[in-house]
Amino acid sequence: ATPGEGHRCRRGQSEMPLRLDIKRKLSARSDRVKSVDVHPTEPWVLSALYNGHLFLWNYNTQTLVKSFEVTDLPVRCAKFIARKHWVISGSDDNQLRVYNYNTMEKVKAWEAHGDYIRCIAVHPSQPLVVSSSDDMSIKLWDWERNWQNTMTYEGHSHYVMMVCFNPKDAHTFASASLDKTIKVWGLNNPSPHFTLEGHEKGVNCIDYFSGGDRPYLVSGADDKTVKVWDYQTKQCVQTMEGHQHNVATICCHPELPLILTGGEDGTVRLWHSGTYRMEGTLSYAFERCWSICALKGTHRVAIGYDEGTIMVKLGREDPIASMDPTGKITWAKHNDIQQANIKAASETTADGERLSLATKELDVCEIYPQSLQHNRKGQLAVVTGDGEYIIYTALAWRKKSFGQGLDFVWGMDTAEYAVRESLNSVKVFKQFKEAHSFRPPMLVEAIFGGALLGVRNQEVLMLYDWAECRLVRRIDVCPKEVYWNEAGDLLALACEESFYVLRYNKDVANSVFDAGEPIPEEGIEIAFELLYEVHDTVRTAVFVGDCFIYTNGAEDTNSGRLNYTVGGQVVTLQHLDAPLYLVGYMPKENRLYLLDKNYGVVSYTLLLAVLEYQTAVVRRDFAAAAAVLPSIPASEHNRIARFLESQGFPNEALQVATDPEHRFELAVQLGKLDVCHSLCLAAESDVKWRQLADMALKASALSLAEEAMTRASDYGGLLMLHSCSADGVKMDVLAEAAEAAGRGNIAFICLFLRGKVDACLDLLVRTKRVSEAAFFARTYAPSQMTRMVTLWRSELSEKNEKAAKAIADPEEYPNLFDRLDLALQVQKDKNKKKNPFLYDDHSNDNNRNYL
């Protein structure tokens, strides 16, 4: 198996009630790992190795972050002290060492025991560390007193293999020893409070139950058993057998009803902490298992083996919650069922702000909830878990019905629901009585409720009608979830990398059934129409009318977006910096409600009128859309315009849009010159004026093009326009404007085309291009050559006097200028003309306006 590959906990051939999809997050091979710890905030696993090293792995990137060379002897234990940015290790050289994991600096090292150090436990709040050793002692260390040994606990008669603080009372801790006993101690008393005896061989590991109110601790020993103890009555309440070799490590999961045990048989076994039955076995072929650590607040578990480190995630971490139509959110936190009413929240709550809500305790559920959902009208709610379901009345929260089932889904009617009994059987109930039972032609891995009953395996989804469980449609996809709208005519299939929205025509399906025709294996194909596919992941979702609202983001990422789509156009409402889970929408408040992982409620505004308008447009019901538009605030009109444009209605979008930028884009797209002109006058943007000039030229609106070019200072465009239209007056004006704007090249061309040779020379001189003026004079104004050469020499002499003297003046060296006399005569003759021009045949052209 590769990292990320998932499987489901199973025992034998039948699926267990506590269904957990287990995904491997890290698989890192190394030398023997004797201890693992998980950082509370960073994605790190700390591995203590038998070869004397500490490895720090990043389980998100599958990389080794840091490595500490501690000693040449085995390091048997290591822990994070996150609040100090430290790691502390204990090794076979009897020393404790403390390192800063940011700087890699060694903070402290000292000989702590007289023999191998087996275990370290860090106090959850005080600056204290407890260590245990093969010297049969336990020692307490205070890092605020320079790691002073403030207490030594003695009483065991063999190696002390493990110590563990009580999460319900951190002033006490327990120890496990190869003397076959477990002892419970107080921090301020060197003698044990009491001793628990019952294992037949040495005890290797212990852990406390962290959730609920049961005063239990669990132990594992070399007698291959796991025992659950009541530390108040000091009695063993359960013995669990299953390991084939010594039980080396144990962990009570802080979030799930699981006890995880690892043994020298190479397996990790999962036991239900309520029923004590074995839920499954993990085996990764990494040889013997030595250490297990679970991260509080998550479902992640790190495991240390002979051949490396594994990190797995047990099931999803989504909050288990549901909201009824009245705005009451009910959730399950461990076994506690709680409720909050969002109508009690302040009306001025800002988007994304956590709501301050009073929580009401409804019940302590006897099963561990794995899902909680209201029926369509919110009158009933069901809790499922441990292979059972319990139906409650939502108002008084009283039990209405119960039964066995791995999955439970609601139909569209009030008391219509289906139960997946096993991998082969599905039962349909109406009014709490069994109405149908059928065995689909495949293994049933999940079922989905809604207008049709969905049955899925790993390859295909089959949809059945509720009335007689007849096949309506077979779809060759494997959705994670199926969502239906209120009307029951739209459904979304959320798959791994995309989702599909389909329209279901119930009347077509019924007509086929009524005709008595045989239904093919693929079902009634004409009853469904694929509307669109969106390449995006769906974390949670809800339909509001025809609008599909969802949160996206990969399962283990802390970012995502709150989006909605109508007609395939995806609109982002909010970028999320933490995972949020949709629970519902309240039309009267125009707000969406979401939960975070800690069951905090946040909300975002989403106007129902906007959704109704967009739905009407998708349905091409423009009369209904026009009726809704006046109720939509002007602040939302730009969003409406973007949607209309995406649907292929730019004219309508232009009428609705208020954003000048978007209006200009639409006007350009539609070729509306008058609208573009008015928007340009308001914006005074050179870019927009240039764009308008191009549009006007294409439309032969030359006057508008000239205005746009003038306002945009597009001198090149004006040169083209005036020269093509042979407008001499405007060419002269353009020459002056271009020179004033520093566009000497444009000004020169204007003057040259007008035949103003002297003006061209003066322009070149003013723009400090005297050398070019001299060459220009040689061709077009030979009488000006001496003046230009004199100016050129004067300018050049400031840099290179020798070079300046090398320039020939026609008055000084007429022999160097061939046919100069003829050139001077031509210039003289041209100057006698009334309208001198370079080209005689076109001397009157500039007096005409071809427009």
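Please refer to the structure higher up on the page.
First, a word on what this report is: a plain description of the structure on this page. (Residues numbered from 1 in each chain as written. Predicted model: local features only at pLDDT ≥ 70, side-chain atom pairs only at ≥ 80, totals over all residues. Heavy atoms only, no water.)

Section: the sheet that holds strand 25 (residues 247-252)
Two pairing modes exist for strands in a sheet, parallel and antiparallel, and in both the strands are linked by backbone hydrogen bonds. Cut-off, in case you're wondering: Between any two strands, pairing holds if DSSP finds at least two bridges. Counting from the N terminus, the helices are the DSSP runs of H or I reaching at least four residues and the strands are the DSSP runs of E reaching at least two. Think of each axis as a best-fit line through the C-alpha atoms, taken over the contacting stretch in the case of a helix, with angles from 0 to 180 degrees between the N-to-C directions.
Across the sheet, which stays open at both edges, the four strands sit in the order 25-26-27-28 with antiparallel pairing between neighbours. Across the chains shown, the open sheet's two edge strands, defined by having one partner strand only, are strand 25 and strand 28 (278-282). On average, each strand axis in the sheet is tilted by 20 degrees relative to the strand beside it, whichever way the strands run. The pairing of strand 25 with strand 26 (residues 258-263) spans five bridges and is antiparallel. Note on strand 26: the bridge partner recorded for T249 is G262.

Here we look at the side chain of S137
So the rule is basically this: The buried label goes to any residue with under 20% of its type's maximum accessible area, the exposed label to any with over 50%, and the partly exposed label to all in between, with areas taken from a 1.4 Å probe on protein chains only. Here a polar contact is taken to be a pair of N or O atoms separated by no more than 3.5 Å, where protein atoms must pair a possible hydrogen donor with a possible acceptor and residues adjacent in sequence count only if both atoms sit in side chains. By definition, residues are in contact when any of their heavy atoms lie within 4.5 Å.
Within the secondary structure, S137 is located in strand 15 (residues 137-142). Judged by its relative accessible area of 5%, S137 falls in the buried class. A polar contact is formed between the side chain of S137 and the side chain of H113, at a distance of 3.3 Å. A distance of 2.7 Å separates a polar atom in the side chain of S137 from a polar atom in the side chain of D135. Excluding anything up to four places from it in sequence, S137 contacts H113, S131, S132, T152, Y153, E154 and V160.

What to know about the packing of helix 9 (residues 702-711) against helix 10 (residues 715-724)
Under the convention used in this document: Note on terminology: angles under 35 degrees are roughly parallel, angles over 145 are roughly antiparallel, angles of 65 to 115 are roughly perpendicular, and the others are oblique. Each crossing is labelled by how the near helix is turned from the far one, with a counterclockwise turn of less than a right angle marking it left-handed and a clockwise turn marking it right-handed.
Contact pair helix 9 / helix 10: the axes reach a minimum separation of 9 Å and the direction vectors enclose 150 degrees. Between helix 9 and helix 10, the angle falls in the class roughly antiparallel. In this structure, helix 9 crosses over helix 10, and the sense of that crossing is left-handed. Side by side, helix 9 and helix 10 meet where L702, E706, M709 and T710 of the first sit next to G717, L718, M720, L721 and H722 of the second.

A few points about the state of the cysteines
Inclusion rule: Pairs of cysteine sulfur atoms within 2.5 Å are what we label disulfides.
Under the criterion given, the structure shown has zero disulfides. The cysteine C251 is free of any disulfide, with C293 supplying the nearest cysteine sulfur at 6.4 Å. Classification of C251 by relative accessible area gives buried; the value is 5%.

Regarding the side chain of S47
Within the fold, S47 resides in strand 6 (residues 44-49). Within polar-contact distance, the side chain of S47 engages the side chain of T309 at 2.8 Å. In this structure S47 touches V33, S35, V36, H53, L54, F55, W57 and T309, once residues within four positions along its chain are discounted.

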